[in-house]
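Inside the fold
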Amino acid sequence: MAAAYAIIPAAGLSTRMGSTTHGQARKQMAEIAGAPILIHTLRCFDASHAFAGILVPVRPEDRELVEARVQAEKLATPVRVLEGGRARQDSVWNAVERLTQDLGASGDEVLVAVHDAVRPFLPPPVLLAALAAAEQHAAVIVGVAAVDTVKQVERVGAEDIQVAATLPRERIVLAQTPQIFRLGLLRRGFDKAHADGFYATDEASLIEHLGETVYVVAGSARNWKITTPADLELAELLLASQAAAQR
């Protein structure tokens, strides 16, 4: 398998979580089961033994705190904390630039897995399956099928929203992370986005904007994103149950 690196952007402002969480300014640094969510996510990638390195873009004011927590964890996989950007796309781009500088032109074929810092329950088989698929296809996302009926809506007034269409559920996939790409392809996606002034909510959209094909591998309901205070409580319960099962 080609060499692989992970980018775990952790520069979000946590607006849906509230101004502070568990005494921390960012949800990714909120502690569950004795460690920040980010650390649980890093442990997952470290345990896979599949990555040559992990890059973690953070807000400048959080860099010292994150570096200290990462160093204390003593992970086997090298982790580099670097400055993120104003938006997720900017943060991931900073990491892509750093990888490109480190690896040079020979790095175009390495795999880059971009994963949300607040998805700490990524099942190892899902991660390994996504890496294997990216080896073949160059652009792969993890996704789960929609189980609810999906409605397309439109706003018709200041407060009124109405249904415009019902989308065929069998054609809907809810995107998760990791999203894995060849470094050269991902960099081309960023270059075109910058030239077009295009901002996306995930990296796959950059590749789609290029006109390239993105493949999907099956994700997992366990690979959920911690977004709200209620999610933190659920995460605590899940980790407690996992610890009890291992005793």
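Structural data are supplied above this passage.
Just so it is clear, the model here is predicted, and its values are computed rather than measured.

Examining the pairing of strand S10 (residues 173-182)
Counting buried positions over the 10 residues of S10 gives 7, a clear majority of the element. As defined by bridge partners, strand S6 (residues 111-114) adjoins S10 across 4 bridges and the pair is classed as antiparallel. When the bridges of S10 are listed, Ala 113 appears paired with Ile 180. With 6 bridges joining them, strand S7 (residues 139-145) and S10 adopt antiparallel strand pairing. By the bridge assignment, Ile 141 is partnered in S10 with Gln 179.

Quick word on the pairing of S7
Put simply, side chains in a regular strand alternate between the two faces of the sheet. Within S7, 6 of the 7 residues are buried, which leaves it mostly tucked inside the rest of the structure. In the sheet, S7 pairs with strand S11 (residues 215-218) via 4 bridges, with the strands oriented parallel. Paired with Val 142 across the two strands is Val 217, which belongs to S11.

A closer look at helix H5 (residues 183-196)
Turn by turn, an α-helix covers 3.6 residues, leaving residues three or four places apart pointing in a common direction. With 14 residues, H5 extends 20 Å from end C-alpha to end C-alpha; this agrees with the ideal 20 Å at 1.5 Å per step. Listed in full, the buried residues belonging to H5 are Leu 183, Gly 184, Leu 185, Leu 186, Gly 189, Phe 190 and Ala 193. Buried residues in H5 make contact with helix H3 (88-103), S6, S7, S10 and helix H6 (203-210). A positive backbone phi angle near 65° is found at Gly 197, which sits one or two residues after H5.

Some points on the sheet that holds strand S5 (residues 79-83)
Strand pairing in a sheet relies on backbone hydrogen bonds, with the paired strands running either antiparallel or parallel. Spatially, the 7 strands line up as an open sheet ordered S5-S4-S1-S6-S10-S7-S11, and their pairing is mixed. With partners counted over all chains shown, the strands left at the sheet margins are S5 and S11, one partner each. Between one strand and the next, the sheet's axes are offset by a mean angle of 25°, whatever the strand orientation. The sheet contact formed by strand S1 (residues 4-7) and strand S4 (residues 53-58) spans 3 bridges and is parallel. When the bridges of S4 are listed, Ala 6 appears paired with Ile 54.

Description of the environment of Leu 111
Of note, Leu 111 is situated in strand S6. As for Leu 111 and Arg 80, which are separated by 31 residues in sequence, their C-alpha atoms are 17 Å apart. In this structure Leu 111 touches Ala 2, Ala 3, Ala 4, Tyr 5, Leu 131, Ala 134, Glu 135, Ile 180, Phe 181 and Arg 182, once residues within four positions along its chain are discounted.

Rules and cut-offs
- Residues numbered from 1 in each chain as written.
- Predicted model: local features only at pLDDT ≥ 70, side-chain atom pairs only at ≥ 80, totals over all residues.
- Heavy atoms only, no water.
- Buried < 20%, exposed > 50% of the residue type's maximum accessible area, 1.4 Å probe, protein only.
- Helix = DSSP H or I, 4+ residues; strand = E, 2+ residues; numbered from the N terminus.
- Pairing = 2+ DSSP bridges.
- Expected span 1.5 Å × (residues − 1).
- Contact = heavy atoms within 4.5 Å.
- Axes fitted to C-alpha atoms, helices over the stretch in contact; angles between N-to-C directions.

By themselves, these observations are geometric and do not establish any function.
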